[in-house]
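# Structural description and commentary
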Amino acid sequence: MAFEGLTDRLQKAMEKLRRKPKVTEADLRETMREIRLALLEADVNFTVVKDFVKKVREKATGADVLKGLNPAQQIVKIVNDELTQLMGEKAVPLNKAAHIPTVIMMVGLQGAGKTTTAGKLALRLKDENKARPLFIAADVYRPAAITQLKQVANQIDVPVFEKGTNVDPVDIVREGMEVAKQNHNDYVIIDTAGRLQIDEQLMDELANIKELVNPNEILLVIDSMTGQNAVNTAQGFDDKLDITGVVLTKLDGDTRGGAAMSIRAVTGKPIKFVGEGEKMTDLDVFHPDRMASRILG
Ligand code: GDP
């Protein structure tokens, strides 16, 4: 279960507070210490934790919570509100082009779930918008990547434009865009190459594709299980590509949750979707308020 340890620790801290007939300044300090440790243990970025705790403390002090009724309950509410704020407050929808096609470029490290997420997204667009998407297979480094994209596309009945692995990805994307225009596809989803880690050549190639198509969305797909690295990855991709949003995958696993809580604060970019399984239907819109409630248990 995702967030298990974090939820457990936060709940324990809150329960301890609730049991006190009166909450003192020292109790508040102790609670804040417990929240801080819980967040750090869940791999939330250090600066984000520091900032978060400071804000909660300020709000609790400013509102004279300790003198009021149900101080513990009020602190729980402040924590909930701040957590929601931290993750972006509101769900952020996909960008849409004024004239079709809307171009979505999927980027991310190998194994993050890029291809799977491209499929999930296409299915969602088909179901909700009656869209007619086209995939462009721009990962020319692993022949298996094209095969995998085709398998995914087959399941959801979406066409794939591909030219094998011996062509410059920028040329593939250029041709693919022409095909999309001829066929009046309203969405184009570009599956790009990933690497085990960020490297200059990968980033240059992605930047070249970006320059060519000027995408409406550059969605960074991130594995939520990668802890602190998730945030570094997000920062690296954002610095080079100015991404428009993040999809956080594998939230159905036992992720500790740090990525979900840090990415927005560190990059300023919204998490737009979360992946919660391997099936094509396992993609949900990211709602910060619901996620905060889930984390707090
Ligand atoms: P890519 O290399 O970034 O294109 O990653 P893939 O799409 O090939 O995904 C890598 C693995 O992660 C595959 O086995 C997927 O089934 C799996 N995967 C992707 N998203 C999720 C998710 O949200 N939950 C789970 N449990 N597995 C996922």
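The present account deals with the structure reproduced in this document. Computed from a prediction, not measured in an experiment: that's the story for all the values here. (Residues numbered from 1 in each chain as written. Predicted model: local features only at pLDDT ≥ 70, side-chain atom pairs only at ≥ 80, totals over all residues. Heavy atoms only, no water.)

### Regarding the side chain of Lys114
Note the threshold: A run of H or I in DSSP becomes a helix once it reaches four residues, and a run of E becomes a strand once it reaches two; helices and strands are each numbered from the N terminus. Note on classification: 1.4 Å probe, protein chains only; a residue is buried when its accessible area is under 20% of the maximum for its type, exposed when over 50%, partly exposed between these limits. Counting rule for charge: Lys and Arg are taken as positive, Asp and Glu as negative, and neither His nor the chain ends is counted. The working definition used for a salt bridge is a side-chain nitrogen of Lys or Arg within 4 Å of a carboxyl oxygen of Asp or Glu. Two N or O atoms count as a polar contact when they lie within 3.5 Å, although within protein this holds only if one can serve as hydrogen donor and the other as acceptor, and sequence-adjacent residues are included solely when both atoms are side-chain atoms.
Topologically, Lys114 is positioned in helix α5 (residues 114–129). The side chain of Lys114 is buried and forms no salt bridge, while Asp191, the nearest opposite charge, is found at 4.6 Å. Of note is the side chain of Lys114, whose polar atom sits 3.2 Å from the backbone oxygen of Thr192.

### Description of the sheet that holds strand β5 (residues 217–223)
Keep this limit in mind: Strands were regarded as paired on the criterion that DSSP finds at least two bridges between them. Residue contacts are counted whenever heavy atoms from the two residues lie within 4.5 Å of one another. The angle between two axes is taken between their N-to-C directions and runs from 0 to 180 degrees, where each axis is a line fitted to C-alpha atoms and a helix contributes only its stretch in contact.
On the basis of which strands lie adjacent, the open sheet formed by 8 strands has the order β3-β2-β4-β1-β5-β6-β7-β8 and mixed pairing. In the strand order of this sheet, the two ends are held by β3 (160–161) and β8 (283–285), each with one partner. The pairing of strand β2 (residues 133–138) with β3 spans 2 bridges and is classified as parallel. Bridge assignment links Phe135 to a residue of β3, and that residue is Val160. Along the sheet, helix α9 (residues 228–241) makes contact with β1 (102–107) and β5, crossing β5 at roughly 160 degrees.

### Some details on the pattern of salt bridges
Applying the stated criterion to the full structure yields 24 salt bridges. Close ionic contact of Arg9 with Glu41 constitutes a salt bridge, the shortest N to O distance being 2.9 Å. One end of the pair, Arg9, is in helix α1 (residues 4–18); the other, Glu41, is in helix α2 (residues 25–41), and 32 residues separate them in sequence. Linking Arg142 and Asp139 is a salt bridge whose minimum nitrogen-to-oxygen distance equals 3.9 Å. Residue classification places Asp139 among the buried positions, given a relative accessible area of 5%.

### Overview of the packing of α5 against helix α6 (residues 143–156)
This is how the line gets drawn: Reported orientations rely on four angle classes, namely roughly parallel under 35 degrees, roughly antiparallel over 145, roughly perpendicular from 65 to 115, and oblique for the rest. Should the near helix be turned anticlockwise from the far one by less than a right angle, the crossing is termed left-handed; should it be turned clockwise, right-handed. Each residue gets one label: Ala, Val, Leu, Ile, Met, Phe, Trp, Tyr, Cys and Pro are nonpolar, Asp, Glu, Lys and Arg are charged, and the others, such as Gly, are polar.
The interhelical angle for the contact between α5 and α6, taken along N-to-C directions, is 25 degrees, at an axis separation of 9 Å. Taken together, α5 and α6 sit at an angle that is classed as roughly parallel. As for the relative orientation of α5 and α6, their crossing is right-handed in sense. Contacts from Thr115, Thr116, Gly119, Ala122, Leu123 and Lys126 of α5 reach α6 at Gln148, Leu149, Val152 and Ile156. Within the contact of α5 with α6, the residues separate by chemical class into 5 nonpolar, 4 polar and 1 charged.

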